[in-house]
Amino acid sequence: MLIERLNRLPKEVLGRVKFIGSVADEMHMNAYVVGGFVRDLLLGAKNNFDLDIVVEGDGIAFARELSGKLNGRLAHHKAFGTATVVAQDNSKIDIATARKEIYEFPAALPKVTPGAIKDDLGRRDFSINAMAFGINKNNFGQLIDFYAGNDDLKAKKVRALHDLSFIDDPTRILRAARFAERCNFKISPYTLNLIKQAASHKMPEKVSPHRLRDELILILKENEPVKCVKLVEKICGFSFLHPRLVVDQKKISSLEKAAKVMKWFEDNFRHKRKVDKWLVYLMLLLEDLPAAEIRKTADRFAFRSGEIKRMLSFKADCKRAILKLKSELKPSDIHCILDPLSYEVILLILLRANNRSVEKNINNFLHHYNEVRILVGGEDVKKLGIKPGPHFKKLLKQTFHAKLDKGLKTKEEELEFLRRKAKR
Ligand code: ATP
């Protein structure tokens, strides 16, 4: 069954898996493909061919050898006994030493020691993610499934491996919601009960925020993030993000509307910068909090400065921009209001405005004004005998606005405008 699925993989992927196995044979090591690759292969849902390899033995030495043979690039993380080989075609192979993990106290990072494949699979989050298959010659394509993951795949169940799973690592709560919604699975009653217990002890609030942040971003990057958000709200709530965060029906419909607005943007403006959809959802989740609380939350979770800037800009600029955009405006006025804002914030303005004039102005900005560039530059201003200085920039801006408002078409028309302005 698994071998049939393997044989249906693109030739180069199967060839790569076999090649990795042959390197393991040469080094007298047991090597396995593990985790999501196995799950997706059995589900018949494979479209990401990055490989997760576990070897019994020195994973770093194995990665070094493999990288050399593939002429790839190697990055290793010694502390974790893991390495990544990036092959010539940019496909990624993550390699780890099979390991045992011991959680010395709840929600801490585990103590890691080398182990066998069974130990390595036993430390994983859910049975469906705890399968492997051998890639050495003697066991190629043999499914290794100590925890009945394949049965759970067939029964469409997300099931944790042991009672302390969510106490050891509460980020698994978010992962449970993510895999359940992505695969259209149910979280098993046993697992749901464990999640509720961990949530009632406020375990997610005890994890280091950056780990929660990474899992939250993954949730918001899923194909159907709103379904995931609903499930997270149901099973543990969002107090880990902020104690006053409310995810009610109103919030859910905001998120659903945002999904539509972003789809509209994607369909109509393929050539523009891609919107960070996950950030738009996050901005809506945090929307009701005061700006100072958003800032604190963003800092605590160590979001990047560009992300924080956009979060705060939504709070600071949205209402004011809507008010201005409701009136009859010249194209240059619209440009002045919207150009400093990110697409994420502009789309949220569109979502929040519920007003024809605002919609029309934003549409015009995105379709037309945002694309306009002047043909004259600093050199042309210099040639008019004007000395460089702050007015230089002002003159060019005036030309740009004239182009938007008066429809200057050619470079000659822009130069003529510049000349007239410069004389004054
Ligand atoms: P995706 O398709 O989203 O990449 P994935 O299963 O590959 O799914 P990763 O987050 O890349 O997910 O993790 C790889 C594997 O590592 C998982 O399949 C799982 O076995 C294990 N894993 C990841 N995070 C945890 C965790 N918090 N606790 C236990 N095991 C984990």
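As the structure is a computational prediction, the values presented were derived from the model and not from experiment.

Engineer: So what's going on with the layout of surface pockets? Which residues, and what values?
Structural biologist: Estimates place the volume of the second largest pocket at around 350 Å³. Along its surface, the second largest pocket is lined by 19 residues, and E222, N223, P225, K277 and Y281 are the ones closest to its centre. Breaking the lining of the second largest pocket down by element, the ones donating at least two residues are α11 (225-235), α12 (249-268) and α13 (277-286). Ranked by residue count, the leading element in the lining of the second largest pocket is α12, at 5 residues.

Engineer: Outline the environment of I128, supporting the account with residue identities and numerical values.
Structural biologist: The topology assignment puts I128 in the loop between α5 (117-122) and β8 (132-134). For the pair I128 and L161, spaced 33 residues apart in the sequence, the C-alpha separation amounts to 9.8 Å. Contacts of I128, omitting those with residues within four sequence positions, involve R39, G149, D152, L153, K157, V158, F179 and F185.

Engineer: Which residues make up empty space enclosed by the protein, and what values go with them?
Structural biologist: Across all of its chains, the model carries 1 cavity of 30 Å³ or more by this definition. Quantified by volume, the largest cavity comes out at close to 30 Å³. Taken together, M283, L286, E287, I294, M311 and F314 make up the lining of the largest cavity. Of all the elements in the fold, those that place two or more residues in the lining of the largest cavity are α13 and α15 (305-325). Within the lining of the largest cavity, the residues separate by chemical class into 5 nonpolar, no polar and 1 charged.

Engineer: Break down the pattern of salt bridges for me, with residues and values.
Structural biologist: Considering all chains together, one arrives at 39 salt bridges under this definition. The shortest N-O distance in the salt bridge between E412 and R419 comes to 3.7 Å. Through salt bridges with shared partners, a single ionic network connects D125, R175, R178, R182, E215 and E222.

Engineer: Outline the sheet that holds strand β9 (residues 143-144), supporting the account with residue identities and numerical values.
Structural biologist: Taken in spatial order, the 7 strands make up an open sheet running β3-β4-β5-β2-β1-β8-β9, and their pairing is mixed. A single partner strand is all that each edge strand has here, and the edge strands are β3 (73-77) and β9. Where strand β1 (residues 30-34) lies against β8, 3 bridges are found, and the strand directions are antiparallel. Among the inter-strand pairings, V33 is bridged to a residue of β8, identified as F133. Its contacts with the sheet place helix α2 (residues 11-26) against β1, β2 (51-56), β5 (92-97) and β8, and it is angled at close to 15 degrees to β2.

Engineer: Requested: an account of the site of the ligand, with residues and values cited.
Structural biologist: Neighbouring residues of the ligand: 15 residues in total, closest R39, D169, R172, R178 and R182. Of all the secondary-structure elements, those providing two or more residues to the shell around the ligand are α3 (36-43) and α8 (171-183). Broken down by element, the shell around the ligand gets its largest block of residues, 6 residues, from α8. Residue composition of the shell around the ligand, grouped by class: 1 nonpolar, 4 polar and 10 charged.

Engineer: Account for helix α4 (residues 59-70), naming residues and giving values.
Structural biologist: In this model α4 runs 16 Å from its N-terminal to its C-terminal C-alpha over 12 residues, within 8% of the 16 Å that 1.5 Å per residue would give. Those residues of α4 that sit buried are G59, I60, F62, A63, L66, S67 and L70. The buried side chains of α4 occupy one side of the element, clustering within an arc of 155 degrees when seen end-on. With a side-chain oxygen lying 3.1 Å from the backbone nitrogen of I60, the N-terminal cap of α4 falls on D58. Two residues or fewer after α4 comes N71, characterised by a positive phi angle close to 55 degrees.

Engineer: Just give me the short version of the environment of L323, but keep the residues and values in it.
Structural biologist: Mapped onto the elements of the fold, L323 is located in helix α15. A sequence separation of 151 residues divides L323 from R172, and the C-alpha atoms of the two residues are 43 Å apart.

Engineer: Requested: an account of α8, with residues and values cited.
Structural biologist: Between the first and last C-alpha of α8 there are 19 Å, a value that for 13 residues agrees with the 18 Å anticipated at 1.5 Å per step. Among the residues of α8, T171, R172, I173, L174, R175, A176, A177, R178, F179, A180 and C183 are the ones counted as buried.

Engineer: Any chance you could break down the side chain of S127 for me, citing the residues and the numbers?
Structural biologist: Looking at the secondary structure, you find S127 in the loop between α5 and β8. The class for S127 is buried, based on a relative accessible area of 0%. Look past the residues within four positions of S127 in its chain and what remains in contact with it is Y147, A148, G149, D152, R159 and L161.

Engineer: I'd love a proper account of the packing of aromatic side chains, names of residues and values included.
Structural biologist: Inspection of the entire model under this criterion finds 10 aromatic pairs. Their ring planes at 50 degrees and their centres at 6.5 Å tell us that F37 and F133 sit as a pair that is tilted. A residue pair is termed long-range when its members are at least 10 positions apart, and F37 in helix α3 and F133 in strand β8 qualify at 96 residues. Side by side, F37 and F133 carry an identical accessibility label, which is buried. A cation sits over an aromatic face here: K18 above F140, 5.8 Å from the ring centre. Directly above the aromatic system of F179 lies the positively charged group of R178, at a separation of 4.8 Å from the ring centroid.

So, how was this worked out
Residues numbered from 1 in each chain as written. Predicted model: local features only at pLDDT ≥ 70, side-chain atom pairs only at ≥ 80, totals over all residues. Heavy atoms only, no water. 1 Å grid on protein atoms, 1.4 Å probe; cavity = no way out; pocket = protein on both sides within 12 Å on 5 of 7 lines; lining within 4 Å. Points joined across faces, edges and corners; volume = space filled by probe spheres on them. Helix = DSSP H or I, 4+ residues; strand = E, 2+ residues; numbered from the N terminus. Contact = heavy atoms within 4.5 Å. Nonpolar A, V, L, I, M, F, W, Y, C, P; charged D, E, K, R; others polar. Salt bridge = Lys/Arg side-chain N within 4 Å of Asp/Glu carboxyl O. Pairing = 2+ DSSP bridges. Axes fitted to C-alpha atoms, helices over the stretch in contact; angles between N-to-C directions. Near = heavy atom within 4 Å. Expected span 1.5 Å × (residues − 1). Buried < 20%, exposed > 50% of the residue type's maximum accessible area, 1.4 Å probe, protein only. Arc of directions from axis to C-beta. Polar contact = N/O pair within 3.5 Å; in protein donor to acceptor, adjacent residues only side chain to side chain. Phe/Tyr/Trp six-rings, centres within 6.5 Å; stacked < 30°, edge-to-face > 60°. Lys NZ or Arg CZ within 6 Å of the ring centre and 35° of its normal.

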